[in-house]
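Architecture and fold: a report
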Amino acid sequence: MDSADSADFPHQFARTRRFSVGVPRQFTLSPDGSRVLFVRTASGTDPVGRLWQYEDGTERLLADPALLVGAGTGAVPEEERLRRERARERSVGVVSYATDSAARLVAFALSGALWAVRTDGGAPFSVPAAGPVVDPRPSPDGRHIAYVSRRCFHVVDLSGTDHRLAASEGPDVSYGLAEYVAAESMHRMRGYWWAPDSRHVLVARVDTGPVERRYIGDPADPAKPPRAIPYPAAGTPNAEVTLQILSLEGERVEVEWDRRAYEYLVDAGWDAHGPYLAVQSRDQRVVRTLSVDPATGATAVLHERTDPAWVELVDGTPARTASGALVLPEDDDGTRYLTVGGHRVTPEGLQLCTVLGVEGERVLFTASEDPLETHVWCHAPGHGCRRLSHGPGRYTGVGRGGTVVLAGVTPRGDEVGVLRGTGPAAGTVPGPESDTGTGTGTDSGAGTGTGTGTHDDAPSPYPEVIASLAEEPLVTPRPRHLLLGERQLRAALFLPSWHEEGAGKLPVLLDPYGGPGTQQVERGRGWPSCVSQWFAEQGFAVLVVDGRGTPNRGPAWEKAILGDQLTPALEDQVDALQAAGARFDDLDLTRVAIRGWSFGGFLAAAAVLHHPEVFHAAVAGAPPTDQRLYDTHWKERYLGHPAEHPENYVRSSLAGHGHLLRRPLLLIHGLADDNVAAAHTLRFSAELLAAGKPHSVLPLPGATHLPADDTVNAQLLYFQRDFLLEAVAAGVDGD
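Residues numbered from 1 in each chain as written. Predicted model: local features only at pLDDT ≥ 70, side-chain atom pairs only at ≥ 80, totals over all residues. Heavy atoms only, no water.

A separate point is the confidence of the model for the protein chain. Per-chain confidence: the protein chain averages 93 in pLDDT, with 93% of residues scoring 70 or above. Low pLDDT, under 50, characterises residues 425-442; the predicted model gives this stretch 45 contacts beyond four residues in sequence or across chains. Segment residues 444-455 is flagged for pLDDT under 50; beyond a separation of four residues in sequence, or across chains, it makes 26 contacts in the model. (pLDDT = per-residue confidence, 0-100. Contact = heavy atoms within 4.5 Å.)

The next point concerns the packing of aromatic side chains. Applying the stated rule across the entire model yields 15 aromatic pairs. When the centroid spacing of 5.0 Å and the interplanar angle of 55 degrees are considered together, the rings of Tyr180 and Tyr231 count as tilted. Of this pair, Tyr180 sits in helix H4 (residues 180-186) while Tyr231 sits in the loop between strand E18 (227-230) and strand E19 (240-247), and the two are 51 residues apart along the sequence. Pair check on accessibility: Tyr180 and Tyr231 agree, each one buried. Sitting over the ring of Trp257, Arg259 keeps its end group 5.4 Å from the ring centre. (Phe/Tyr/Trp six-rings, centres within 6.5 Å; stacked < 30°, edge-to-face > 60°. Helix = DSSP H or I, 4+ residues; strand = E, 2+ residues; numbered from the N terminus. Buried < 20%, exposed > 50% of the residue type's maximum accessible area, 1.4 Å probe, protein only. Lys NZ or Arg CZ within 6 Å of the ring centre and 35° of its normal.)

Right, let's talk about the packing of helix H7 (residues 567-583) against helix H8 (residues 599-610) for a bit. Running from N to C, H7 and H8 point in directions that differ by 70 degrees, and their axes come no closer than 10 Å. As the angle between them shows, H7 and H8 are arranged roughly perpendicular. For the pair H7 and H8, the contacting residues are Ala569, Leu570 and Gln573 in the first and Phe599, Leu603, Ala606, Ala607 and His610 in the second. For the contact of H7 with H8, the residue count by class is 6 nonpolar, 2 polar and no charged. (Axes fitted to C-alpha atoms, helices over the stretch in contact; angles between N-to-C directions. Parallel < 35°, antiparallel > 145°, perpendicular 65-115°, else oblique. Nonpolar A, V, L, I, M, F, W, Y, C, P; charged D, E, K, R; others polar.)

The 4 strands are arranged E6-E7-E8-E9 in an open sheet whose pairing can be described as antiparallel. Because the sheet does not close on itself, it has two edges, and the strands there are strand E6 (98-99) and strand E9 (125-126). Sheet topology note: the strand E7 (residues 105-110)/strand E8 (residues 113-118) ladder contains 6 bridges and is antiparallel. Bridging across to E8, Leu105 finds its partner in Arg118. (Pairing = 2+ DSSP bridges.)

Evaluated as defined, the whole model comprises 43 salt bridges. Across the salt bridge formed by Arg344 and Asp332, the nearest N and O atoms sit 3.6 Å from each other. Remark: Asp332 occurs in the loop between strand E26 (326-331) and strand E27 (336-340) and Arg344 occurs in strand E28 (residues 343-344); sequence separation between them is 12 residues. A salt bridge links Arg548 to Asp572, with the nearest nitrogen and oxygen atoms 3.1 Å apart. Of the two residues, Arg548 sits in the loop between strand E41 (541-546) and helix H6 (555-558) while Asp572 sits in helix H7, which places them 24 residues apart along the sequence. (Salt bridge = Lys/Arg side-chain N within 4 Å of Asp/Glu carboxyl O.)

The next subject is the nonpolar core. In a soluble, globular protein the nonpolar side chains are often hidden away together inside. Core analysis: the largest hydrophobic core is formed by 45 residues, its most contacted members being Leu484, Leu493, Leu510, Leu543, Leu577, Phe615 and Leu665. For this core, the element with the highest residue contribution is H8, accounting for 9 residues. Among residues more than four places away in sequence, those in contact with Leu484 are Leu489, Ala491, Leu543, Ala576, Ala579, Ala580 and Arg583. Within the second largest apolar cluster, 32 residues are counted, among which are Trp534, Phe540, Val544 and Leu724. (Core = buried A, V, L, I, M, F, W, Y, C linked by side-chain atoms within 4.5 Å.)

What follows covers the state of the cysteines. Any covalent bond linking the sulfur atoms of two cysteines counts as a disulfide. Applying the stated rule across the entire model yields 0 disulfides. There is no disulfide at Cys378, and the cysteine sulfur nearest it, in Cys385, is 7.8 Å away. Overall, the relative accessible area of 2% leaves Cys378 in the buried class. (Disulfide = S-S within 2.5 Å.)

This part is about the environment of Gly393. On the secondary structure map, Gly393 appears in the loop between strand E32 (384-387) and strand E33 (394-400). Exposure remark for Gly393: the relative accessible area of 0% places this residue in the buried category. Apart from the residues within four sequence positions on either side, Gly393 is in contact with Leu372, Glu373, Thr374, His375, Val409, Thr410 and Arg523.

A separate point is the sheet that holds E33. Read from one edge of the open sheet, 4 strands run E33-E34-E35-E37, paired in antiparallel fashion. Each edge of the open sheet carries a strand with a single partner, namely E33 and strand E37 (464-465). Across 7 bridges, the pairing between strand E34 (residues 403-410) and strand E35 (residues 413-419) is antiparallel. Bridge pairing in E35 links Ala407 to Val416.

A separate point is the pairing of strand E22 (residues 274-280). Extensive coverage of E22 is indicated by the burial of 7 of its 7 residues. Here 7 bridges tie strand E21 (residues 264-271) to E22, and the two strands are oriented antiparallel to one another. Looking across to E22, one finds that Trp270 is bridged to Pro275. Linking E21 to E22, which pair antiparallel, is a turn of 2 residues. Where E22 meets strand E23 (residues 286-292), 5 bridges bridge the pair, whose relative direction is antiparallel. Within the sheet, the bridge partner assigned to Tyr276 lies in E23 and is Ser291. Hairpin connection of E22 to E23: 5 residues between the antiparallel strands, including Gln284 at a positive phi of 65 degrees.

Within the secondary structure, Asp588 is located in strand E42 (residues 587-597). Here the side chain of Asp588 touches Thr590 through a polar contact of 2.5 Å, side chain to side chain. Engagement of the side chain of Asp588 in a polar contact is seen with the side chain of Arg591, the distance being 2.8 Å. Once residues lying within four places of it in the same chain are set aside, the contact partners of Asp588 are Lys505, Leu506, Pro507 and Val508. (Polar contact = N/O pair within 3.5 Å; in protein donor to acceptor, adjacent residues only side chain to side chain.)

The next subject is the side chain of Gln720. If you trace the backbone, Gln720 turns up in helix H12 (residues 710-734). Taking relative accessible area as the criterion, Gln720 reaches 5% and is therefore assigned buried. Within the structure, Gln720 has its side chain in polar contact with the side chain of Arg595 (distance 3.0 Å). The contacts of Gln720, once residues within four sequence positions are left out, are Phe535, Arg595, Val619 and Ile668.

This part takes up H7. Over its 17 residues, H7 extends 24 Å from the first C-alpha to the last, a length consistent with the 24 Å expected when each residue adds 1.5 Å. For H7, the full list of buried residues reads Pro568, Ala569, Leu570, Asp572, Gln573, Val574, Ala576, Leu577, Ala579, Ala580 and Gly581. Close packing links the buried residues of H7 with strand E38 (479-484), strand E39 (489-494), strand E40 (506-510), E41, E42 and H8. (Expected span 1.5 Å × (residues − 1).)

A separate point is helix H11 (residues 679-690). In a regular helix each residue adds 1.5 Å, so 12 residues correspond to 16 Å; H11 covers 16 Å between its end C-alpha atoms and thus fits that length. Taken together, the buried positions of H11 are occupied by His680, Thr681, Phe684, Ser685 and Leu688. The buried residues of H11 occupy an angular sector of 120 degrees when projected down its axis, which confines them to one face. Seen from the open side of H11, the exposed residues pointing more than 90 degrees away from its buried face are Leu682, Arg683, Leu689 and Ala690. Its buried side turned inward, H11 meets H8, strand E44 (665-670) and strand E45 (696-700). Gly692 occupies a position one or two residues after H11 and carries a positive phi of about 75 degrees. (Arc of directions from axis to C-beta.)

Next comes the structure, spelled out in structure tokens:
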């Protein structure tokens, strides 16, 4: 690998927004499956999203923001800015859109203005709106577009006749938007759902009045007033969320359920059988699926899921087939199953990840047989389950009209394939035993197993592809996939491309996330593996480990962290490190560092606090140091209510343990972070100072949980590298 390429990688990583720009995404299929709508930027460095249509093997540009609003593509309403922050959106321009049921009319917002375009020809056109537009969605018949403006819910026809169906009663009340914990912790990004008749809408009303406020200012600009945001920290009141059925004629029906017992609105929808919703108890041990009578708002229980730990929410559920069969997950100790109509339809060991959609009686979903891969599957009565995605990687997709679009992070990077004729009677794709790379490449013995490297040059297995314009990374990941320790921990070891085994020892850098909801170890060239390889090129042996609490190894594995988010996660990092060190002589366990962001940052700081005999330096980015400061839904899921289980918060926090620090520690935090507030780092730094423990703090003015500035993101990698190299060198001299 060219050293100049490696040296410039941080700048490439930053300007490509973690290699996300230029990648096709947000796919919608026409009813007959012939047309695919999607969003993609013009190149691997252009952040402006454009709307495209793929048909008969040809791409056609439907909307280019540069031609519609020029340089104003980045100016958005505050509600849209917050939505993008929750979605970790890295682009500007067209970043989301919605269509009618025929996929003939597309609505989107640019710079707060409402735009639409017809997919059968013609230029995009603006639609007059009452104010700055958020989340526009056409009615199924394509005659109206609903949207939110200044927290009020509107419906407008294409001529510009606007009706405000719900007016905000005050600054704390909004209609049609998801509240903070729904978007951040439940993955529910929307707050309204059209009825199939195009005359009614199911709309969420959110009152944040009971929620505590946080004030986020900019210390670099003291003249700028702080922003007040409602943030429900663990143990404090949530927003009050209700549902109403609104008609275009102005009628309103309140949806009734026991909101005292089930205060969380997990999801909702409206299909041919009527409106439905899923609600969850505050302790998250019960989720109910309810049907709604649209005439009265009365609800009835269709299904109840319970779990003594917590009920894991699965994206895309609940759903219903054409016959009305409920599509839901079901957890057993070792497997998360897909159920249809109350019957398990997936085999033991196949871990359900998400439900992608239902068409007729056919269910499209993602699932994992091997924790290193996620594939797209379909189930149809009489035909069972079959896998649609080919080759190693992590896939998602959409399906309609006998066509499936498969989007995957593969060993070659991001790829999108189009499969035709995938109806229930269609043939199967190669299974795990015949699909090259699936279930292989894991090193259970020293010196063997090359992970994803053997697949990099393989052609796409799909007859049709939608091109990714993302840049090729200057650094090529060379992971060696491992099974480590008694718990068979999934891990990846990255060594420098220039290193010859036996030629000398390398300092070790652990590079985990290690927490719920995210996996870092995979058979795909995602951006985390590129960053890990770059650190390897700087002279480290980089070890990435997915421990207990991470997904796709079964419910029991995920829920092993109940009541203690620190001890199992940290034990697994230590065990994996020791097992790798015993297997590979070139790993120098007298020079071990660890870095991470968010939960990974928390894990990194905890490592040098609690195991200074193992870890000699740490970089902790945006670490949640005091779990009581994190949000209700996410934190109470794992630790319970702090008033009922205060000991869980004590054992899972860094706060109170600062006196243990003996090793170099760099804390990094964005001062505009509204997810993990900068208070986490500032308070912990104050505790370290009071205990007389030297440490370093790097504040990032104006940065949120996901820093957006290209210069900052590039320099952060260089800064961490220099800190870690100096710290491990000093550790050897000092020890």
